[in-house]
Amino acid sequence: MANKPQIPQKNSAILAVIADEDTVTGFLLAGVGNVDIRRKTNYLIVDNKTTLKQIEEAFKEFTAREDIAIVLISQFVANMIRFLVDSYNKPIPAILEIPSKDHPYDPTHDSVLSRVKYLFSAESASSR
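Since the structure is predicted, the reported quantities are computational estimates derived from the model, not experimental observations.

**Examining the overall build of the protein chain**
- When its secondary structure is counted, the protein chain shows five helices and four strands.
- Along the protein chain, helices (α) and strands (β) appear in the sequence β-α-β-α-β-α-α-β-α when read from the amino end.
- For the protein chain, long-range pairs separated by at least 24 residues make up 64% of all intrachain contacts whose partners lie at least 6 apart in sequence.
- When the accessible surface of the protein chain is totalled, it reaches about 9000 Å², and 57% of it is carbon and sulfur.

Structural data, given as structure tokens:
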């Protein structure tokens, strides 16, 4: 056991959330919230006063931060910035579309699921 390789320790990565108030509040109550020394948060509450530009900026900021591993985004918000979500192709941070209380999940709009379907269809076509 003494020769067991040590796993390198890094600063822990965090989640980011872009969603409606109820969804963000649930994640904050679960301990996902973070505020850094520059007073930057890891969440954006989207309501009827939130502009499309604010959503786009939050998405770009969260996907550019090195301390974020996963961006959780409500699917109805992702639909507002679908062009950004679909064009994002880095593995980290991963983008996961989630349902919200007022907007059910629609798998036909999920960018990750559509990429997986495409990969499986391309794989099955090449094996013929």
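**Quick word on helix H1 (residues 21-29)**
- Between a side-chain oxygen at the N-terminus of H1 and the backbone nitrogen of aspartate 22 the separation is 3.3 Å; the capping residue is aspartate 20.
- The positive-phi residue at the C-terminal boundary of H1 is glycine 31, with phi of around 100°.

**Overview of the nonpolar core**
- Formed by 20 residues in total, the largest nonpolar core has its most connected members in Ile18, Phe59 and Ile73.
- Looking at this core, the elements that each hand over two or more residues are strand S1 (14-19), helix H2 (52-64), strand S3 (68-74), helix H3 (75-80) and helix H4 (82-87).
- The element best represented in this core is H2, accounting for four residues.
- Filtering out sequence-adjacent residues up to four positions away, isoleucine 73 remains in contact with Ile18, Phe59, Ala78, Ile81, Ile95, Leu96, Glu97 and Ile98.
- Core analysis: the second largest hydrophobic core is formed by six residues, Val17, Ala19, Val32 and Ile98 among them.

**Remarks on the side chain of threonine 50**
- Considering the arrangement of structural elements, one finds threonine 50 in the loop between strand S2 (43-45) and H2.
- Within the local environment of threonine 50, its side chain forms a polar contact with the backbone oxygen of isoleucine 45, the two atoms lying 3.4 Å apart.
- With sequence-adjacent residues up to four places away left out, threonine 50 is seen in contact with Leu44, Ile45 and Ile55.

**A word on the packing of aromatic side chains**
- Across all of its chains, the model carries one aromatic pair by this definition.
- Ring centres of phenylalanine 59 and tyrosine 88 lie 6.1 Å apart, and the angle between their planes is 80°; on these two criteria the pair is classed as edge-to-face. Of the two residues, phenylalanine 59 sits in helix H2 while tyrosine 88 sits in the loop between H4 and strand S4 (94-98), which places them 29 residues apart along the sequence. Grouping residues by exposure puts phenylalanine 59 and tyrosine 88 together as buried.

**Some thoughts on the pattern of salt bridges**
- Going through the model one piece at a time under the given rule, you end up with eight salt bridges.
- Note that arginine 38 is salt-bridged to aspartate 36, the shortest N-O span being 2.9 Å.
- Arginine 82 is the partner of aspartate 86 in a salt bridge, and the nearest nitrogen-oxygen pair spans 3.6 Å. With a gap of four residues between them, aspartate 86 and arginine 82 both fall in helix H4, about one helical turn apart.
- Look at aspartate 86 and you get partly exposed, because its relative accessible area is 38%.

**Examining the pairing of S3**
- With five of seven residues buried, S3 lies mostly within the body of the structure.
- Relative to S4, S3 runs parallel, the two being bridged by five bridges. Bridge pairing in S4 links leucine 72 to leucine 96.

**Overview of the environment of leucine 72**
- Tracing the sequence through the fold places leucine 72 in strand S3.
- The sequence separation of leucine 72 and phenylalanine 27 amounts to 45 residues, and the corresponding C-alpha distance is 9.9 Å.
- Among all residues touching leucine 72, those that are not within four sequence positions of it are Leu15, Ala16, Val17, Ile18, Phe27, Leu96 and Ile98.

Here is what the cut-offs are and how they apply
- Residues numbered from 1 in each chain as written.
- Predicted model: local features only at pLDDT ≥ 70, side-chain atom pairs only at ≥ 80, totals over all residues.
- Heavy atoms only, no water.
- Helix = DSSP H or I, 4+ residues; strand = E, 2+ residues; numbered from the N terminus.
- Contact = heavy atoms within 4.5 Å.
- Areas by Shrake-Rupley, 256 points an atom, 1.4 Å probe, with all protein chains shown as cover.
- Polar contact = N/O pair within 3.5 Å; in protein donor to acceptor, adjacent residues only side chain to side chain.
- Core = buried A, V, L, I, M, F, W, Y, C linked by side-chain atoms within 4.5 Å.
- Buried < 20%, exposed > 50% of the residue type's maximum accessible area, 1.4 Å probe, protein only.
- Phe/Tyr/Trp six-rings, centres within 6.5 Å; stacked < 30°, edge-to-face > 60°.
- Salt bridge = Lys/Arg side-chain N within 4 Å of Asp/Glu carboxyl O.
- Pairing = 2+ DSSP bridges.

Without other data, these values stay purely geometric and don't point to any function.
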